[in-house]
Amino acid sequence: MSNDSNINTQAFYLNPQRKVAVLNYNEKYIADIFELLDSEELLEIVQAFLDRRRHKTETNNAFEDQSATKYVATIKAIMLNQSDVFQQFDRTEVLQSIEALYSFYRSFLRIAVLNQHDSSVMANGFMNIDNQFNDLVIHLYRTIEEKLQGFANKTYRQVSAGSSACILTQSHDWPIPAGYEALKPIRFIDTLMLRPPMMMKTPSNKREGTFTAVEQNPIQKFTGSQDEWFCFPAKIGESLAYIYFHRDYFASGISLANLFEVADAKSVIGHKPDLILLFGLQHTEGDVCHYYHDTDNDLWVGEVPYNDKTTYFGYMKKMCLTLHNLHMIYQGKLPIHGSMVQINFANGQSKNVVFFGDSGAGKSESIEALQEIADDQIIDIETIFDDMGSFTLTDHDIYAQGTEIGAFVRLDDLSSAVAFNNMDRGIYLNPDQKNARVIIPADSYARVIAHHPIDMWVYANNYSDKIGVHRFATEDEAKQTFIAGKRKALGTTDEVGMSTTFFANPFGPVQEEARTRPIIDQVFQRLFEHQIYVGEIYTHLGYDKSKTSLNQSAQELLDLLTNS
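What this report covers is the structure whose coordinates are included nearby. As the structure is a computational prediction, the values presented were derived from the model and not from experiment.

Things to note about the overall build of the chain
Each helix and strand counted, the chain has 14 helices and 27 strands in total. At 26 Å, the chain has a C-alpha radius of gyration in line with the 24 Å of a compact globule built from 564 residues. Overall, the chain is about 85 × 55 × 45 Å in size when its C-alpha atoms are taken along their principal axes. Residue pairs at least 24 apart in sequence account for 75% of intrachain contacts in the chain once pairs closer than 6 positions are excluded. Roughly 23,500 Å² of accessible area belongs to the chain as shown, and the carbon and sulfur atoms make up 46% of that amount.

This is the structure:
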């Protein structure tokens, strides 16, 4: 939030601790090199850069010993070919400092913001506006660089020099319930332009604990301003969610675009959401995450506190999914913590398989193992949902739906095919650390929410020393395993060793166990009535990481699928 080292002008905001910057094109749009050199914003960036250099290192660079004003004045003199500059400063030192300044600015997540004001011209041209600013920044850098080194470059790298992403915002009228009026000024994100691959670092890289209910509606604590808060309107499965976040959480807020469908204006105008998330509140009970069920307005409201811990994207994602799953349970649908894929075989068959289990159980690893051992038996494996879905009962049938259009995946879990096909579209979070993640688009929204039949449902068992797959003979035997939710934790959350989680899903079913159990009973009854395969695959991940055992289990699963 407020910090003495922050830069906060009408047109520019920069938070060095959170490594985020916001450029407001409506307040100021710079279209000329010398306008940029004369701007208050560049002066502030140079001052922040010099302060950091002096604090972090003992620099022997005389060029950096001067004030920010003189630093910028020297750059102008270089641009104007005033050679007397080099009587005072060494070219090499100036070039080294300019390179460091350029890297310092680009180390921030830089979000350009443009408010649409109901202008179709603005809507169609906002990407060009942002492209022109990026071209301006990189042109200034290259011009200074080549003047200092005395020759033109032979290799040019077209990086995101000005902004990392640009968002178009818009105000919308929606039926705001009494008590929620504080949300009215906050603008909705209408359209986004990302510049992938995006590399972002956050202070936190792991999620802890589960989310609990509170008796006070979090909206009573919301005092956010239009300058500091944004709303990402998301379609999470068939739930409509308004995700409000503080600008210091832009790393998470912008990443939502690779995970959830952006709700368009028609879906927002005149529509009350099913879910509201307030991400970055100054105070919450116990300084942890909670949710509140507003039964009067039929709303699920989540709250996440402003602190370093909650900068991990898992908090944003899992709170959204918790609210969605609670909404599903109250609609009589069963939230599924797992991955669903459609496997298309060379013999013309296709099978929809759901892999079920908590984090680290081996869901994605099982799918990858299938791909590796299938050779030419499998044409392709299409992801329907990667982490969370739901089962819905009709009068006589059952179907599955997904929630996310993307996948939030550990880098270590990416198969080479997935990695190379999607790496240039990804948003990478803390790629240099343990539990490094990438968010990649996976499927269309229409495909995700379609009604998908279920051919097989297997529990990812990572704690047994058995190999292969096992079909449960009875409903009770199956329910016992699925409800127990056992796994050996592998360090993807704060848990270690053996753990149990009700129905392997701490994001909704744990919070509403009594309401979930009858739905579980109905689902298993229907699956066994239709003789749908319900079993478990032994992933062995809690015992060895060699993949040999998992590949043997995947082979048995493949044989079962191709022969049934």
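Some words on the pattern of salt bridges
Pairing of side chains with opposite charge becomes possible as their charged atoms draw close. Under the criterion given, the structure shown has 22 salt bridges. Residues Asp 358 and Arg 487 are paired through a salt bridge, measuring 3.7 Å at the closest nitrogen-oxygen approach. Note that Asp 358 is positioned in the loop between β16 (350–356) and α9 (363–374) and Arg 487 in strand β25 (residues 486–490), a separation of 129 residues in sequence. A relative accessible area of 2% means that Arg 487 is categorised as buried.

Thoughts on unusual backbone geometry
Between Pro 196 and Pro 197 the backbone carries a cis peptide bond, its omega angle lying at -5°. Relative to the helices and strands, Pro 197 is located in the loop between β6 (188–194) and β7 (198–200). Located in the positive-phi region is Asn 435, a residue other than glycine, with phi close to 65°. The class of Asn 435 is buried, set by a relative accessible area of 10%.

Thoughts on the packing of aromatic side chains
A ring pair, where both rings are aromatic, is described by two values, the distance of the centres and the angle of the planes. Taken as a whole and judged by the stated rule, the model has 33 aromatic pairs. The interplanar angle of 10° and the centroid separation of 3.7 Å between the aromatic rings of Tyr 102 and Tyr 141 together place this pair among those described as stacked. Here Tyr 102 is found in helix α4 (residues 91–106), whereas its partner Tyr 141 is found in helix α5 (residues 120–149), with 39 residues between them in sequence. Here Tyr 102 matches Tyr 141 in class, with each residue buried. Ring plane angle 50° and centroid distance 6.1 Å describe the contact between Tyr 291 and Trp 300, whose orientation is recorded as tilted. Judged on exposure class, the residue Tyr 291 and its partner Trp 300 are both buried. Three or more aromatic residues link up through ring pairs in this structure, and these residues are Phe 356, Phe 391, Trp 457, Tyr 459, Phe 472, Phe 482, Phe 502, Phe 503 and Phe 524.

A few points about the nonpolar core
One recurring pattern in soluble globular proteins is that nonpolar side chains are buried together. Ranked by size, the top nonpolar core spans 51 residues in total, and within it Ile 167, Phe 232, Ile 243, Phe 250 and Leu 277 carry the most contacts. Looking at this core, the element that brings in the most residues is helix α8 (residues 313–330), giving eight residues. With 50 residues, the next largest nonpolar core counts Phe 12, Leu 42, Phe 133 and Met 193 among its residues.

Concerning the environment of Thr 223
On the secondary structure map, Thr 223 appears in the loop between β8 (212–213) and β9 (229–236). Separated by 111 residues in the primary sequence, Thr 223 and Leu 334 place their C-alpha atoms 35 Å from one another.

A closer look at the side chain of Ser 239
Mapping Ser 239 onto the fold places it in strand β10 (residues 239–246). Setting aside chain neighbours within four positions, we find Ser 239 in contact with Ala 234, Asp 274, Leu 275, His 324, His 327 and Met 328.

Side note on the sheet that holds strand β22 (residues 437–441)
Strand order in the open sheet formed by four strands is β7-β21-β22-β20, with mixed pairing between adjacent strands. Two strands in the sheet have a free side with no partner beyond their single neighbour: β7 and β20 (406–410). Ignoring which end each strand starts from, the neighbouring axes of this sheet average 20° apart. Strand direction decides the pairing type here: strand β21 (residues 427–429) and β22, joined by three bridges, are antiparallel. Within β22, the position partnered with Ile 427 by the bridge is Ile 439.

Looking at the packing of helix α12 (residues 475–484) against helix α13 (residues 513–529)
For the pair α12 and α13, the least separation of the axes is 10 Å and the interaxial angle reads 135°. As summarised for this structure, α12 and α13 are arranged oblique, according to the angle between their axes. With respect to the hand of their crossing, α12 and α13 are arranged in right-handed fashion. Contact residues: Glu 475, Ala 478, Lys 479, Phe 482 and Ile 483 in α12; Arg 517, Ile 520, Asp 521, Phe 524, Gln 525 and Phe 528 in α13. Of the residues contributing to the contact of α12 with α13, the split by class is six nonpolar, one polar and four charged.

Let's talk about the side chain of Gln 511
Locating Gln 511 in the fold gives a position in the loop between β26 (496–500) and α13. Reaching out from Gln 511, the side chain makes a polar contact with the backbone oxygen of Phe 211 at a distance of 2.8 Å. Among the polar contacts made by the side chain of Gln 511, one reaches the main-chain carbonyl oxygen of Pro 506 at a distance of 3.0 Å. Setting aside anything within four residues of it in sequence, one finds Gln 511 in contact with Thr 210, Phe 211, Tyr 291, Thr 322, Leu 326 and Pro 506.

Overview of α13
Given a rise of 1.5 Å per residue, 17 residues ought to cover 24 Å, and the 24 Å separating the end C-alpha atoms of α13 matches this to within 8%. Of all the residues in α13, the buried ones are Thr 516, Ile 519, Ile 520, Val 523, Phe 524, Arg 526 and Leu 527. One face of α13 carries all of its buried residues, which in axial projection span an arc of 160°. Where α13 terminates, the next one or two residues include Gln 531, which has phi positive at roughly 55°.

Cut-off values and rules
Residues numbered from 1 in each chain as written. Predicted model: local features only at pLDDT ≥ 70, side-chain atom pairs only at ≥ 80, totals over all residues. Heavy atoms only, no water. Helix = DSSP H or I, 4+ residues; strand = E, 2+ residues; numbered from the N terminus. Rg over C-alpha atoms; globule rule 2.2 N^0.38 Å. Contact = heavy atoms within 4.5 Å. Areas by Shrake-Rupley, 256 points an atom, 1.4 Å probe, with all protein chains shown as cover. Salt bridge = Lys/Arg side-chain N within 4 Å of Asp/Glu carboxyl O. Buried < 20%, exposed > 50% of the residue type's maximum accessible area, 1.4 Å probe, protein only. Phe/Tyr/Trp six-rings, centres within 6.5 Å; stacked < 30°, edge-to-face > 60°. Core = buried A, V, L, I, M, F, W, Y, C linked by side-chain atoms within 4.5 Å. Pairing = 2+ DSSP bridges. Axes fitted to C-alpha atoms, helices over the stretch in contact; angles between N-to-C directions. Parallel < 35°, antiparallel > 145°, perpendicular 65-115°, else oblique. Left-handed = near helix turned anticlockwise from the far one by under 90°. Nonpolar A, V, L, I, M, F, W, Y, C, P; charged D, E, K, R; others polar. Polar contact = N/O pair within 3.5 Å; in protein donor to acceptor, adjacent residues only side chain to side chain. Expected span 1.5 Å × (residues − 1). Arc of directions from axis to C-beta.

Purely geometric stuff here, so don't read any function into it on its own.
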